[in-house]
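# Analysis of the macromolecular model
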2 protein chains.
Amino acid sequence: MSILKAEKSRTNYHHGNLEMALIAAATEMIRESGVEHISLRAVAAQVGVSPSAAYHYFPDKDALISGVGLALFDLLADRQEVAMAAFPGNGEKAVRARFRALGRAYFEWGNTESNLFRLMFGVFCALDQEQTVAARDESRAWKLLQGSLDQLANVGAINSAVRPYGEILAWSAVHGATSLIIEGHLPEAAFESVLDALEISLRMVKSNE
Amino acid sequence: MSILKAEKSRTNYHHGNLEMALIAAATEMIRESGVEHISLRAVAAQVGVSPSAAYHYFPDKDALISGVGLALFDLLADRQEVAMAAFPGNGEKAVRARFRALGRAYFEWGNTESNLFRLMFGVFCALDQEQTVAARDESRAWKLLQGSLDQLANVGAINSAVRPYGEILAWSAVHGATSLIIEGHLPEAAFESVLDALEISLRMVKSNE
DNA sequence: AGAATAATCTGTACATCGTTCAGATTTGGA
DNA sequence: TCCAAATCTGAACGATGTACAGATTATTCT
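Residues numbered from 1 in each chain as written. Chains lettered and ligands numbered in written order. Predicted model: local features only at pLDDT ≥ 70, side-chain atom pairs only at ≥ 80, totals over all residues. Heavy atoms only, no water.

### A closer look at the overall build of chain A
- In terms of regular secondary structure, chain A is built from 9 helices and 0 strands.
- When its helices and strands are written in sequence order, chain A yields α-α-α-α-α-α-α-α-α.
- Along the three orthogonal principal directions, the C-alpha set of chain A runs to about 70 × 35 × 35 Å.
- Out of the 209 residues belonging to chain A, those deemed buried represent 49%.
- Long-range contacts, defined as pairs at least 24 residues apart, comprise 68% of the intrachain contacts of chain A with a sequence gap of at least 6.
- Taken together, the 19 basic and 25 acidic charged side chains of chain A have centroids lying 5 Å from each other. (Helix = DSSP H or I, 4+ residues; strand = E, 2+ residues; numbered from the N terminus. Buried < 20%, exposed > 50% of the residue type's maximum accessible area, 1.4 Å probe, protein only. Contact = heavy atoms within 4.5 Å. Lys, Arg positive; Asp, Glu negative; His and termini not counted. Charge placed at Lys NZ, Arg CZ, Asp CG, Glu CD.)

The following block contains the structure:
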């Protein structure tokens, strides 16, 4: 789970790679305790450095936390790619399996690493209204979703009337279900239902207006 | 926005209704600054009471915050009921308008009171795995959603194949879209798209397997 | 190589925070 | 009226985020 092993046993006065070491330590501590329970001082102590040292790389604690959160989006995309790789091929069956794997990987990441998931989609990683579209279009996860829906469309497993809504609907539903389940507002089994409903909806829709 | 006006000008030694006054003050301060930026001391000062006084009603700061969050679910349901009341009648048009109003009220609550929304669905108000189904079935918002979907089914505006998924899919999609928009991962216009997609999906689905 | 300069880290300090606890104040019932 | 319970204050403690002056190491220039 460590983003980068930047431990250098620290005999020198200079650390070597303090910025990454701070992010790695903060990630692990947030993972275990939640973002609301970590302190800059504890992270610095874990790395073996004085609290003030962190201020050379981050203007304040929030910046360190944001750094942690933003780095996590790549980890989530990694998980999704691995999950989809389990279903190779271009047939409808494989394409649909990959779509489900994409969503399920999102949920399982959130469910097993809920402290990290909360950080990623919490207020610390909020984007400006101007950044949002640009950041989304560049994000690996968004591209994976786009590609998966395109492939569904290619094999005729998704109706053209809803295809334009595909990304937004799928992401919203999967993200919402994950969040609600994590916080205990929906039971865990609800996620497969959302995948079912999503697949049925996208697939069987027939335009009649 | 104040849940309860419990200001008593405080000439006496005893406050009168300190518990509610603390919740009201904390609600307002969280609303303005976010849950991560409020302090128990500031809340107590706002009410005109010493910090220790709060510990007579709440075991710790987290309990006060949870108290604030849990009270907000009723406010959200209020908003939804008001929004739906704007479209009376039993025709398909009215029923569908109420369904959209239900979702839109959820989004607008989240979008205009994002600090309160984050609190409600954040870690401070997380439920145990045992509480989840019970709490959900008792929640007013869940009943509103159930009723709205039942009415859609009655007027034939929703296919029976997806009806069982209705609550979970709609809540997940609406909640997910709201969250993602609030944190800047989707543009604000995406919400109407989600409503469109949801309505189309639920309405036009034809079971063929 | 040696000296000047930049980069990096420490130590101390301060205001604020959550929380505890002993005791002051007020209320309500016998 | 007096006593007990309920309610609130005040002082205190350790921990936190952060600023700043200065110590230490690395780099560059001659």
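### Observations concerning the domain arrangement of chain A
Residues and elements named next belong to chain A.
- Examined at the domain level, chain A breaks down into domain 1 (1–58) and domain 2 (71–204).
- Distance between the C-alpha centres of domain 1 and domain 2: 31 Å.
- Contact with domain 1, which involves 9 residues of that partner, is made by 10 residues of domain 2.
- Put simply, domain 1 and domain 2 have 1 salt bridge between them.
- One salt bridge connects Glu113 with Arg31, and the closest N-O pair in it is separated by 2.9 Å.
- Across the side of domain 1 that touches domain 2, the residue classes break down as 4 nonpolar, 3 polar and 2 charged. (Domains from an automatic or database assignment. Salt bridge = Lys/Arg side-chain N within 4 Å of Asp/Glu carboxyl O. Nonpolar A, V, L, I, M, F, W, Y, C, P; charged D, E, K, R; others polar.)

### What to know about the interface of chain A and chain B
- Of the residues lining the interface, 48 residues belong to chain A; the matching set on chain B comes to 48 residues.
- Summed over both sides, the interface between chain A and chain B buries roughly 4,200 Å², with carbon and sulfur atoms accounting for 66% of that surface.
- Taken together, chain A and chain B are joined by 4 residue pairs in polar contact (both at pLDDT 80 or more).
- Looking at side-chain class alone, the side of chain A that touches chain B contains 26 nonpolar, 13 polar and 9 charged residues. (Buried area = accessible area lost by both parts, 1.4 Å probe. Polar contact = N/O pair within 3.5 Å; in protein donor to acceptor, adjacent residues only side chain to side chain.)

### With respect to the environment of Ala45(A)
All names here are of chain A.
- One can find Ala45 in helix H2 (residues 40–47).
- Given the relative accessible area of 53%, Ala45 is considered exposed.
- Linking Ala45 and His175, residues 130 residues apart in sequence, is a C-alpha distance of 35 Å.

### Quick look at the packing of aromatic side chains
- Enumeration over the complete set of coordinates arrives at 12 aromatic pairs over all chains.
- Ring centres 5.9 Å apart and planes at 85° place the aromatic pair Tyr106(A) and Phe117(A) in the edge-to-face group. Here Tyr106(A), found in helix H4 (residues 92–112), pairs with Phe117(A), found in helix H5 (residues 114–120); they are 11 residues apart in sequence, far enough to count as distant. Each of the two residues, Tyr106(A) as well as Phe117(A), counts as buried.
- Look at Phe117(B) and Phe121(B): their rings are 5.1 Å apart centre to centre, the planes differ by 50°, and that puts the pair in the tilted class.
- With a relative accessible area of 9%, Phe121(B) lands in the buried category.
- Feature note: the residues Phe73(A), Tyr106(A), Phe117(A) and Phe121(A) constitute an aromatic cluster, connected by ring pairs.
- Here the basic side chain of Arg136(A) rests over the ring of Trp142(A), its NZ or CZ set 4.3 Å away from the ring centre. (Phe/Tyr/Trp six-rings, centres within 6.5 Å; stacked < 30°, edge-to-face > 60°. Lys NZ or Arg CZ within 6 Å of the ring centre and 35° of its normal.)

### Some points on the relation of the copies chain A and chain B
- You can overlay chain A on chain B at an RMSD of 0.1 Å; the transform is a turn of 180° with a shift of 0.0 Å along its axis. On this basis, the relationship between the two copies can be described by a two-fold rotation axis.
- When the interface residues of chain A are mapped onto chain B, 100% of them again lie at the interface, so the same face is used by both copies. (Least-squares fit on C-alpha atoms with pLDDT ≥ 70 in both.)

### Looking at the side chain of Ser66(B)
All names here are of chain B.
- Among the secondary structure elements, Ser66 is positioned in helix H3 (residues 61–85).
- Judged by its relative accessible area of 19%, Ser66 falls in the buried class.
- If we skip the residues at most four places from it in the chain, Ser66 touches Phe124 and Cys125.

### Some thoughts on the packing of helix H8 (residues 166–182) of chain A against helix H8 (residues 166–182) of chain B
- Contact geometry of H8(A) with H8(B) gives a least axis separation of 6 Å together with a crossing angle of 95°. With respect to H8(B), the axis of H8(A) lies roughly perpendicular. On the side of H8(A), the interface is formed by Leu169(A), Trp171(A), Ser172(A), Ala173(A), His175(A), Gly176(A), Ala177(A), Ser179(A) and Leu180(A), while H8(B) contributes Leu169(B), Trp171(B), Ser172(B), Ala173(B), His175(B), Gly176(B), Ala177(B), Ser179(B) and Leu180(B). (Axes fitted to C-alpha atoms, helices over the stretch in contact; angles between N-to-C directions. Parallel < 35°, antiparallel > 145°, perpendicular 65-115°, else oblique.)

### A closer look at the environment of Gly147(A)
All names here are of chain A.
- Relative to the helices and strands, Gly147 resides in helix H7 (residues 140–154).
- Classification of Gly147 as partly exposed rests on a relative accessible area of 26%.
- Residues Gly147 and Arg100, 47 residues apart in the sequence, show an inter-C-alpha distance of 13 Å.

### What about the pattern of salt bridges?
- Scanning the entire structure with this criterion turns up 30 salt bridges over all chains.
- Residues Arg100(A) and Glu192(A) are paired through a salt bridge, measuring 3.1 Å at the closest nitrogen-oxygen approach. In this pair, Arg100(A) is assigned in helix H4 and Glu192(A) in helix H9 (residues 190–204), connecting sequence segments 92 residues apart.
- Under the relative-accessibility criterion, Arg100(A) is labelled buried at 15%.
- The exposure class assigned to Glu192(A) is partly exposed, which follows from its relative accessible area of 32%.
- Of the charged contacts, one joins Glu167(B) and Arg163(B) as a salt bridge, the two residues approaching to 3.0 Å between their closest N and O atoms.
- Residue classification places Glu167(B) among the buried positions, given a relative accessible area of 8%.
- Several salt bridges converge on common partners, so that one network encompasses Glu92(A), Arg96(A), Arg100(A), Arg104(A), Glu192(A), Asp196(A) and Glu199(A).

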